[in-house]
Every structure is written in structure tokens, then in C-alpha cells.
Amino acid sequence: MIFNNIKLTSFIKNTLTLTFGTFVAQALPILFYPILSRVYSPKEFGVFAIVMAIAPFVTLFASGSYENAILITKNKREEANLIGFILLRSTIVVLVLLLLLYFIERPLLEWWDKQELQHLLYIPIIGALFTVIYNCFNEWCVKNKYFSTLAWNKIINTSSLSIGKLSFGLTPMMFNGLVMGDLIGKFISSSVAMYRAMTLGGKYFLAVKFKYFSSLRRRYIKFPRVMLPDQLLNNVGASMHVFFVAAYFGDSELGHLTMAMSLLYVPVTVISTAIKDVFRQKANEDFQTNGDIRSFYLKLLKPIAAAAVFLAIPIYFILPDLFSFFLGKEWSPAGFYAQIMLPVFVTNFISMSLGGVFVIVNKMQISLYWQLYGIGTSIISLLIGVYIFKTFEYTLICFAVARTSSYILYAILSYYFAKSSTGETSS
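Below or above, wherever it landed, is the structure these notes cover. (Residues numbered from 1 in each chain as written. Predicted model: local features only at pLDDT ≥ 70, side-chain atom pairs only at ≥ 80, totals over all residues. Heavy atoms only, no water.)

## Brief notes about the pattern of salt bridges
So, point 1. This model, assessed by the stated rule, comprises three salt bridges.
So, point 2. Ionic pairing is found between Arg 219 and Glu 78, a salt bridge with its closest N-O pair at 2.2 Å. Of this pair, Arg 219 sits in helix H7 (residues 213–219) while Glu 78 sits in helix H3 (residues 76–112), and the two are 141 residues apart along the sequence.
So, point 3. Classification of Arg 219 by relative accessible area gives partly exposed; the value is 45%.
So, point 4. The exposure class assigned to Glu 78 is buried, which follows from its relative accessible area of 8%.
So, point 5. Between Lys 186 and Asp 182 there is a salt bridge, with its nearest N and O atoms 3.1 Å apart. (Salt bridge = Lys/Arg side-chain N within 4 Å of Asp/Glu carboxyl O. Helix = DSSP H or I, 4+ residues; strand = E, 2+ residues; numbered from the N terminus. Buried < 20%, exposed > 50% of the residue type's maximum accessible area, 1.4 Å probe, protein only.)

In C-alpha cells form, the structure reads like this:
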């Protein structure tokens, strides 16, 4: 049997719980897409993509990537104090960035020649703080096996984001309704996360003490030193196509591509995020016990890869017609772009369903090297497309080939390093 020697009962139960929650969470935005695609133009989606591409960088610098250490904390008191430190650090960083933007916004937009972004750049900075809160809560739930709570929080997050975008789209505003709706949605989901955290672990969070912050910062300093550059490169790799497309092919083409990637992201997220959250918790326990998760990794990798490829083949042929029917004829190019990007999302699903190995086995520098490969090949592919082929279609094909190769490499490296060669476990 494929899953021999795996504790099926708890693993599958937790995976199904998160899969159901994530499915509902992602089904809600899908229901809104036919409406949003008729309320907002491709150009407005393009502007939204540019603004939101900034948010991950702010979130990363605000948290310092310390939230990734929550999974390996030693006890509940340490979890709570680490989260307290992260939120304090994030609040300070966000306030400093808002003050800085106040002074540089005008010259920045003049240099960038993007006056339509005036006042919009404040929003991803503010929203980054809400995202940090939400991310910390998610990691805390994974650590403590609150998978049902985590599933519900995903539903609240996506539903509040979708309702916010639609509400502002139907209300005349000076600002891009997609951007404002996104901010309100993040505020709601982070508020609910804080309430649930206080309900489940209030006695620990109320006992947080500043005197522990300094020692925790030093204990987990490897996360900002290694994972921050790693995730910074990851964000650059994930966002660079936004700025390339906007600069060379315009906001409308970017809007079509954004819609294509947003809808492809849904099925990837539904199952892969659920598997990843449960996998990380179980793999961390196994690695602490015997220093080896390679067999566990491989037993899950095989069925995941087979299912992904099997489902992707028929989906490929119906994407153009599906996009036109679902979103309207104005969005028909998005279906063609989705076909080009499908291999990227298939390999992303396979490799990232079992992501987190490098953190668990204390080999975070390997992830950094992988990010360097990914961003290097992505830049080269975009430059080849822009300056040699000079068409958006071939630029996108070059980019898809580069990103696909990087995800295949990630899976190979994860398998290779899923076993400790020295018998040491992560600290």
C-alpha cells in the first residue's frame, strides 16, 4: 500500500480537515471572480497586481522571517513570547516605512512614471502588519495541531477579502477598489485571528514579557540571517514578472496574466497548503525522533505527483473556453496565458505540498541557494523573451520553462536533504 508505515488516521484526518477548509476558502473567491471580472477592468487588475507585489517585501522585512521559528519553539510560553516579539518588531518597521514613504512618495512616483499609484502605496505597508498577524496565527495553529481552527481562519480570510473587493467595486471611490478591499479583508481576518488566539491561548499571551524578547531574537537569529534573504529572493522571483510585464507590455496584459495566475493558484492552494501544514508538523516530530523523514517524504511525493499530472492533462485543453465562459469574452487571453503557465503550477503543487523540509532539517541555506537559482533563471528567461523574442507570448513561455525547472529542482533537493547525515536534529 502506498501509505504503509504512515500514521494514516491522524495524518489523513488533519489533511482532510485542512483540505475541506482550504477548499471552501478558495471556492468563495472563485464565486466572486465572474462578478469582479465584470466590475473591474484588466487595467485595474494590473494596477492591483503592481501594488500587491510590494506587500510581500514589506511583510518580510516587518517580521524578519521569525514566524517560521514558531514551529520549532520549545513550549507554549516561548511560542507566545516569540509571537509578541514578532508583532512588536513588525509594528515598529511598518511605522518607520509609512513615515519614510510620506517623504519620498512624490519623487518615487515621478521617477517610476506611475502617478496612478498615488496614495495607493501606503495600503500594502499597512496591510503587511495584518498579514504578519495572520501568518503568526497560522504557524501557531500548525504547531499546536489546531487544524480545525486553521481551516476556519482560511475561510474567514478569503471570504473577507472577496467581499471587501466587491463592496468597494460597487461603491464609487477615488482609489482602486481592489486595493482597498484587500486591506479591509486583511484587517478582518487578522482581527479574527487575534480573537481566536486569545480564546485558545490567552493565558500564555497575557503573560508575555518584554524581558524574553532579546534572548528569543538571539536564539532564532538564523531565521532573519538565512531565511530573510531566502524569502526576499523568493518574493523577487514571484514578483519580477509583474514589473517586467507592466514595463514592457502594459497594465492590461498584466491584468490578464494576473487573472490567469490567480485562478490557477486556487486548485494548487486547496490541497497543497493543507498537505504542507500537516506534513510540516508530522515531519518535524519524526525528525526530532529519528533524524530521518526521507521515506515519509517519498511515500507522499509519489501519489501527489501522479494525481497532479493526471488532473492537469484534461484541464489544459479546456482552459481557454473555461476562462471565456466564466469571466467573459474580455478575459479570453487569460485562458491562453493559463495554458502556458499550467506546468509551473503543477510542479509548484508537487514540490510545495511537501515544502518546509529545509527548515525542519536545519538546512535553510540550501533553500537560499535554490532561490538564487530560481531568480537567476527567471531574470534570464524574461530578458530573453523581451529582447530576443520581443512578444508577450514567448516571454511568458520562457518564464514558464524557468519556473518549472526551479520547482523540479526544489523537490529533488528536498528529498536529498530529508535525512540527517550526522544524526543531529534541528534546534
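## As for the nonpolar core
So, point 1. Membership of the largest hydrophobic core comes to 123 residues, with the highest contact counts inside it found for Leu 82 and Met 341.
So, point 2. Setting aside chain neighbours within four positions, we find Met 341 in contact with Leu 257, Met 261, Leu 264, Leu 396, Phe 399 and Ala 400. (Core = buried A, V, L, I, M, F, W, Y, C linked by side-chain atoms within 4.5 Å. Contact = heavy atoms within 4.5 Å.)

## Looking at the side chain of Asp 251
So, point 1. Mapped onto the fold, Asp 251 is located in helix H9 (residues 251–290).
So, point 2. One polar contact links Asp 251 to Lys 43, side chain to side chain, over a distance of 3.4 Å. (Polar contact = N/O pair within 3.5 Å; in protein donor to acceptor, adjacent residues only side chain to side chain.)

## Some details on empty space enclosed by the protein
So, point 1. Taken as a whole and assessed by the stated rule, the structure comprises two cavities of 30 Å³ or more.
So, point 2. In this structure, the second largest cavity occupies an estimated 30 Å³ of space.
So, point 3. Considering the residues around the second largest cavity, the lining is formed by Leu 233, Gly 237, Trp 370, Gln 371, Gly 374, Ile 375 and Arg 403.
So, point 4. Those elements giving two or more residues to the lining of the second largest cavity turn out to be helix H8 (222–248) and helix H13 (364–389). (1 Å grid on protein atoms, 1.4 Å probe; cavity = no way out; pocket = protein on both sides within 12 Å on 5 of 7 lines; lining within 4 Å. Points joined across faces, edges and corners; volume = space filled by probe spheres on them.)

## Section: the packing of aromatic side chains
So, point 1. Applying the stated criterion to the full structure yields 26 aromatic pairs.
So, point 2. Centre to centre, the rings of Phe 210 and Phe 213 are 5.3 Å apart; their planes meet at 70°, and the pair counts as edge-to-face.
So, point 3. By relative accessible area, which is 65% here, Phe 210 ends up exposed.
So, point 4. For Phe 213, a relative accessible area of 8% puts it in the buried group.
So, point 5. Taken together, Phe 358, Trp 370, Tyr 407, Tyr 410, Tyr 416 and Phe 417 form an aromatic cluster joined through their ring pairs. (Phe/Tyr/Trp six-rings, centres within 6.5 Å; stacked < 30°, edge-to-face > 60°.)

## Quick word on unusual backbone geometry
So, point 1. Positive phi is not limited to glycine here, since Lys 145 has a value of about 60°.
So, point 2. Residue position: Lys 145 is located in the loop between helix H4 (122–143) and helix H5 (147–169).
So, point 3. When its relative accessible area of 45% is taken as the criterion, Lys 145 is described as partly exposed.
So, point 4. Residue Lys 390 is not a glycine yet carries a positive backbone phi of 60°.
So, point 5. Within the element layout of this structure, Lys 390 appears in the loop between H13 and helix H14 (392–416).

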